[in-house]
Amino acid sequence: MNDAAGNITCLNVANYFLSLADEEAGDLISNMKLQKLVYYAQGFHLAMFDKPLFAEPVAAWTHGPVIPLLYQKFKEFGSGPIPRPERVLADRFPKELCDFLNEVYNEYGQYDAWKLRNLTHEEPPWRETYNREPGGCIPLDAMKDYFKTQLQ
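This report concerns the structure included in the present document. (Residues numbered from 1 in each chain as written. Predicted model: local features only at pLDDT ≥ 70, side-chain atom pairs only at ≥ 80, totals over all residues. Heavy atoms only, no water.)

Overview of the overall build of the chain
- Of regular secondary structure, the chain possesses seven helices and two strands.
- The C-alpha radius of gyration of the chain comes to 14 Å, within 12% of the 15 Å expected for a compact globule of 152 residues.
- Viewed in the frame of its principal axes, the chain has a C-alpha envelope of about 40 × 30 × 30 Å.
- The burial tally for the chain puts 44% of its 152 residues in the buried class. (Helix = DSSP H or I, 4+ residues; strand = E, 2+ residues; numbered from the N terminus. Rg over C-alpha atoms; globule rule 2.2 N^0.38 Å. Buried < 20%, exposed > 50% of the residue type's maximum accessible area, 1.4 Å probe, protein only.)

What follows is the structure, encoded as structure tokens:
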């Protein structure tokens, strides 16, 4: 379950984050915000556990890191909020993974999409990849090295 080559996909992680949003409190998640949350989960997972959370690549697009598969899945919502999923198979996630994702969400979910976009633009993994090859894949090693510096 913890192995990126195994069962967890970027869509599983995205649906988990969407399930945490409190729509009644105005906590809405757009495609851009979701991309950044899933990116931060991947980065911190690499830094903490030395392996990816999911196998899908992260690309350096104009507005920051994007998982193209995830973008395609939710692009119909444009910049509007993505509805909460009917159900999330969080019970298939180990408790440690839920705790990890909750921590990422508690830290970064408080920000809006543009704040998260701007944060990623200041960070080396996106910036260096985008400057070298706009639209190219952000190397996992670059993410791991950077996010190790962000661990407290």
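Let's talk about helix H4 (residues 95-108)
- An ideal rise of 1.5 Å per residue puts 20 Å on 14 residues; H4 measures up with 20 Å between its terminal C-alpha atoms.
- Listed as buried for H4 are Leu97, Cys98, Phe100, Leu101, Val104, Tyr105 and Tyr108. Buried residues of H4, viewed axially, fall in a sector of 160°; they line one side. Looking at H4, the residues exposed on the side facing more than 90 degrees away from the buried face are Lys95, Glu96, Glu103 and Asn106.
- Along its buried surface, H4 packs onto helix H1 (10-20), helix H2 (31-49) and helix H5 (113-122). (Expected span 1.5 Å × (residues − 1). Arc of directions from axis to C-beta. Contact = heavy atoms within 4.5 Å.)

Remarks on the packing of H2 against helix H7 (residues 140-148)
- The interhelical angle for the contact between H2 and H7, taken along N-to-C directions, is 80°, at an axis separation of 7 Å. Classed by the angle they form, the pair H2 and H7 counts as roughly perpendicular. Contacts between H2 and H7 pair Tyr39, Tyr40, Gln42, Gly43, Phe44, Leu46 and Ala47 from the former with Leu140, Met143, Lys144, Phe147 and Lys148 from the latter.
- A breakdown of the residues in the contact of H2 with H7 according to their chemical character gives eight nonpolar, two polar and two charged. (Axes fitted to C-alpha atoms, helices over the stretch in contact; angles between N-to-C directions. Parallel < 35°, antiparallel > 145°, perpendicular 65-115°, else oblique. Nonpolar A, V, L, I, M, F, W, Y, C, P; charged D, E, K, R; others polar.)

Topic: the pattern of salt bridges
- One pass over the full model with this rule turns up three salt bridges.
- A salt bridge links Asp50 to Lys148, with the nearest nitrogen and oxygen atoms 3.3 Å apart. With a gap of 98 residues between them, Asp50 in the loop between H2 and strand E1 (59-61) and Lys148 in helix H7 connect regions that are remote in the sequence.
- Residues joined by salt bridges that share partners form a network here, namely Asp50, Lys144 and Lys148. (Salt bridge = Lys/Arg side-chain N within 4 Å of Asp/Glu carboxyl O.)

Description of the packing of aromatic side chains
- Summed over all chains, the structure comprises 13 aromatic pairs.
- With a centroid separation of 4.8 Å and 15° between ring planes, the pair formed by Trp126 and Tyr130 is classed as stacked. Of this pair, Trp126 and Tyr130 are both found in helix H6 (residues 124-132), four residues apart, which corresponds to roughly one turn of the helix.
- Taking relative accessible area as the criterion, Trp126 reaches 6% and is therefore assigned buried.
- According to the relative accessible area criterion, Tyr130 is partly exposed, its value standing at 22%.
- Joined through ring pairs, the aromatic side chains of Tyr39, Tyr40, Phe44, Tyr108, Tyr146 and Phe147 make up one cluster.
- Over the ring of Tyr111 we find Lys115; its NZ or CZ atom is 5.6 Å from the centre of that ring. (Phe/Tyr/Trp six-rings, centres within 6.5 Å; stacked < 30°, edge-to-face > 60°. Lys NZ or Arg CZ within 6 Å of the ring centre and 35° of its normal.)

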